[in-house]
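The chain contents come next:
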Amino acid sequence: MWNPDEAGAAAQYLRLDEKRLLEIRSSEFPGRSAVWVPSKEHGYAKGLVLDEKASKDGCKVVQLAGGKKWLKSVILSFEGDKKEVKEENIEPQNPPKYELGEDMANLTYLSEASVVYNLGERYKLFLIYTYSGLFCVTVNPYKLLPVYADYVVPCYRGKRKTEMPPHLWSVADNAYSDMLINRKNQSMLITGESGAGKTVNTKRVIQYFAAVAASGGANGEKLELKGGGTLEDQIVAANPAMEAFGNAKTIRNDNSSRFGKFIRIHFGNTGRLASGDIDTYLLEKSRVVFQQCVERNYHIFYQICSGARPDINEMTMIGTNPREFKIASIGEVSVKSIDDGEELAATDESFDILGFDKSEKDAIYKIIAGLMYSGNMTFKQKPREEQAEPEGEEAGNSAGFLLGISGPEYNKALCSPKVKVGNEYVVKGQTVPQVIFSQGALIKACFERLFHWLVAVVNRALGNDNPRAYFIGLLDIAGFEIFDLNSFEQLSINYTNEKLQQFFNHHMFILEQEEYKREGIDWVFIDFGMD
């Protein structure tokens, strides 16, 4: 059972003390006349229906809550303005006994208004986790709370979900227990909009598995991986490198993951942690050559330009002004919340921990610099010909040198590529728009291959020779963002999130309603297909 003393400083952020909760849930309540009505300012506002009979046009007179008389978030007076509201836009309020409900599936009236209100009231008290049936809803507090301290782990180990306050670790422990009992692989889906905290929660789940399953053997030693250290240590060490090449500033988030990842945590037959690996997908390649005006390219381009490592700047021939390079200056070049110099040091240290030698690290920096110079290559149309030619050779020569190829041959390959026709190769002439298209495609392809190679090295560090029996998968999908102008990759991400939402609806609502039908419950079937 729940013991606040065991949770220490984290207890107040997990569940309100019983005395205070009883006071809130004992508040006065107007009964069925208490409703929610639409509000332009807050989404929904509390109101009191003055007359249950609707007018001829289907409206009811509702007096909005006012008077500023509150008791622990529950309004007791209704002294605000009166307004007519369409009957279909009125939603009933839940009685006070459901205030700060830990599982919204238990609410008497489950509507958008009651869900938003319940989540909001819990969030005001930094109760960031709330259940909705099988799912755990997390609201980003944008501050570090002690709910992830090591001493909180034993509180949830082996406990039933209904016994404990809502927590991501309760879901993780249920997955771990089900894996051991049913002998089947498990998966956890972590989804939400950009900046919602998906990546952080993914790391917290790994932290939990590392704590409850990493120790084993006669001496209780922790699992050592090929890269050295524990699984959690290695994934934490890999994070700066993955973020440098896969994260960028977007409109909604200064450090948005622009790729999705599926992390497998492998376990042995006894439940002991064995190893891990990462699959990535939907890397937003288009960002390398195009960003919106308030966004940035991937962090690594600006880390090199930070000047924190003069030896890297000298080796790559890159200065400290990102605006000198086209692909790094289409949008913004700096972010207030990110120190690119410090991040470069973390990225370089990450390479060391993952087992990169100096030649491999130098090659990575040179490839990035080569792509930056490749973006500066310009072309012009030859007079009276359907053929492009380089407009200056400095950028091409620098790019070729950094990429380990001949600069003139690099320009020639873009302007006059060889195409295989039958058994022979034929030189094909290209116009300036065609060359620019090829230039962008080449930069994107090189960056993608470099990213996938980094992931392969991370997987090498996370691996070992221990036998694997089962795994728990963590799907950290990139955040959905909807703009006036969306890249193909962003549309793919949004489509994937929509499919995941349909998966949610199917398992949360459709299958549940089918269960009602099998049990003979009188129920009007609701179609959630378009929600």
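Residues numbered from 1 in each chain as written. Predicted model: local features only at pLDDT ≥ 70, side-chain atom pairs only at ≥ 80, totals over all residues. Heavy atoms only, no water.

**Structural notes on the nonpolar core**
Then step 1. Counting residues in hydrophobic clusters, the biggest one holds 92 residues, and the most contacted among them are Phe-209, Phe-245, Ile-300, Phe-301 and Phe-447.
Then step 2. Setting aside anything within four residues of it in sequence, one finds Phe-245 in contact with Tyr-298, Ile-300, Phe-351, Ile-364, Ile-368, Phe-447, Leu-450, Phe-451 and Leu-454.
Then step 3. Core analysis: the second largest hydrophobic core is formed by seven residues, Val-35, Val-37, Ala-45 and Ile-90 among them. (Core = buried A, V, L, I, M, F, W, Y, C linked by side-chain atoms within 4.5 Å. Buried < 20%, exposed > 50% of the residue type's maximum accessible area, 1.4 Å probe, protein only. Contact = heavy atoms within 4.5 Å.)

**What about the confidence of the model for the protein?**
Then step 1. Of the residues in the protein, 91% have a pLDDT of 70 or more, and the chain-wide mean is 86.
Then step 2. Mean pLDDT values for the elements of the protein range from 34 in strand β4 (residues 70-71) up to 96 in helix α8 (residues 299-304).
Then step 3. Within the model, the stretch residues 67-78 combines pLDDT values under 50 with 35 contacts to residues more than four positions away or in other chains. (pLDDT = per-residue confidence, 0-100. Helix = DSSP H or I, 4+ residues; strand = E, 2+ residues; numbered from the N terminus.)

**Considering the sheet that holds strand β2 (residues 43-49)**
Then step 1. Spatial strand order, β6-β3-β2-β1-β7: five strands in an open sheet with antiparallel pairing. In the strand order of this sheet, the two ends are held by β6 (82-86) and β7 (91-92), each with one partner.
Then step 2. Two elements, strand β3 (residues 59-64) and β6, share five bridges in a ladder whose sense is antiparallel. Bridge pairing links Val-62 to Lys-83 in β6. (Pairing = 2+ DSSP bridges.)

**A look at the packing of aromatic side chains**
Both the distance between ring centres and the angle between the ring planes are used here to describe each pair of aromatic rings.
Then step 1. One pass over the full model with this rule turns up 18 aromatic pairs.
Then step 2. For the pair Tyr-176 and Phe-267, a centre-to-centre distance of 5.5 Å together with 55 degrees between the ring planes defines the contact as tilted. Separated by 91 residues along the polypeptide, Tyr-176 in helix α5 (residues 168-182) and Phe-267 in strand β13 (residues 260-267) bring together distant segments of the chain. Phe-267 shares its class with Tyr-176; the two are buried.
Then step 3. An angle of 65 degrees between the planes, with centres 5.0 Å apart, marks the rings of Phe-259 and Phe-451 as edge-to-face. Linking Phe-259 in the loop between β12 (256-257) and β13 with Phe-451 in helix α14 (residues 432-462), this pair joins segments that are 192 residues apart in sequence. (Phe/Tyr/Trp six-rings, centres within 6.5 Å; stacked < 30°, edge-to-face > 60°.)

**Quick notes on the sheet that holds strand β14 (residues 273-281)**
Note: strands within a sheet are paired through backbone hydrogen bonds, in either parallel or antiparallel orientation.
Then step 1. A sheet is described by the order of its strands in space; here four strands give the open sequence β10-β19-β13-β14, paired in mixed fashion. Single-partner strands in this sheet number two, and they are β10 (186-190) and β14. For this sheet, the mean inter-axis angle between neighbouring strands, taken without regard to orientation, is 15 degrees.
Then step 2. As defined by bridge partners, β10 adjoins strand β19 (residues 470-476) across five bridges and the pair is classed as parallel. The partner of Leu-189 across the bridge, within β19, is Leu-475.
Then step 3. The strands touched by helix α6 (residues 198-213) are β10, β13, β14 and β19; relative to β19, the strand with the most contacts, the crossing angle is about 160 degrees. (Axes fitted to C-alpha atoms, helices over the stretch in contact; angles between N-to-C directions.)

**A word on empty space enclosed by the protein**
Then step 1. Enumeration over the complete set of coordinates arrives at four cavities of 30 Å³ or more.
Then step 2. Within this model, the largest cavity holds a volume of roughly 140 Å³.
Then step 3. Taken together, 15 residues form the lining of the largest cavity, with Ile-235, Asn-239, Met-242, Lys-261 and Ile-263 sitting closest to its centre.
Then step 4. Listing elements by their share of the lining of the largest cavity, those giving two or more residues are α6, α7 (231-246) and β13.
Then step 5. Residues of the lining of the largest cavity, tallied by class, amount to seven nonpolar, five polar and three charged. (1 Å grid on protein atoms, 1.4 Å probe; cavity = no way out; pocket = protein on both sides within 12 Å on 5 of 7 lines; lining within 4 Å. Points joined across faces, edges and corners; volume = space filled by probe spheres on them. Nonpolar A, V, L, I, M, F, W, Y, C, P; charged D, E, K, R; others polar.)

**What about the packing of α5 against α6?**
Then step 1. Remark: α5 packs on α6, axes separated minimally by 10 Å, with the N-to-C direction vectors making an angle of 50 degrees. As summarised for this structure, α5 and α6 are arranged oblique, according to the angle between their axes. Once α5 is placed against α6, the crossing between them reads as right-handed. Here Leu-168, Trp-169, Ala-172, Asp-173 and Tyr-176 of α5 come into contact with α6, specifically with Asn-201, Arg-204, Val-205, Gln-207, Tyr-208, Phe-209, Val-212 and Ala-213. (Parallel < 35°, antiparallel > 145°, perpendicular 65-115°, else oblique. Left-handed = near helix turned anticlockwise from the far one by under 90°.)

**Some thoughts on a nonpolar patch on the surface**
Then step 1. Nonpolar side chains collect at one region of the surface, where Phe-290, Ile-330 and Leu-485 lie side by side and expose about 270 Å² of accessible area between them.
Then step 2. Along the chain, the position of Phe-290 falls in the loop between β14 and α8. (Patch = residues over 30% accessible without salt bridge, like charges linked within 9 Å, V, L, I, M, F, W, Y side chains within 5 Å. Areas by Shrake-Rupley, 256 points an atom, 1.4 Å probe, with all protein chains shown as cover. Salt bridge = Lys/Arg side-chain N within 4 Å of Asp/Glu carboxyl O.)

**Some details on the state of the cysteines**
Where two cysteines share a covalent bond between their sulfur atoms, that bond is called a disulfide.
Then step 1. Taken as a whole and assessed by the stated rule, the structure comprises zero disulfides.
Then step 2. Between Cys-136, a cysteine without a disulfide, and Cys-155, which holds the nearest cysteine sulfur, the sulfur-to-sulfur distance is 16 Å.
Then step 3. The exposure class of Cys-136 is partly exposed, given its relative accessible area of 22%.
Then step 4. Cys-415 supplies the cysteine sulfur nearest to Cys-446, a cysteine that is in no disulfide, at a spacing of 17 Å. (Disulfide = S-S within 2.5 Å.)

**Re the pairing of β2**
Then step 1. β2 sits mainly inside the fold: five of its seven residues count as buried.
Then step 2. Linking strand β1 (residues 34-39) to β2, which pair antiparallel, is a turn of three residues.
Then step 3. Pairing of β2 with β3, which is carried by three bridges, proceeds in the antiparallel orientation. Across the sheet, the residue bridging to Val-49 is Val-62, located in β3.

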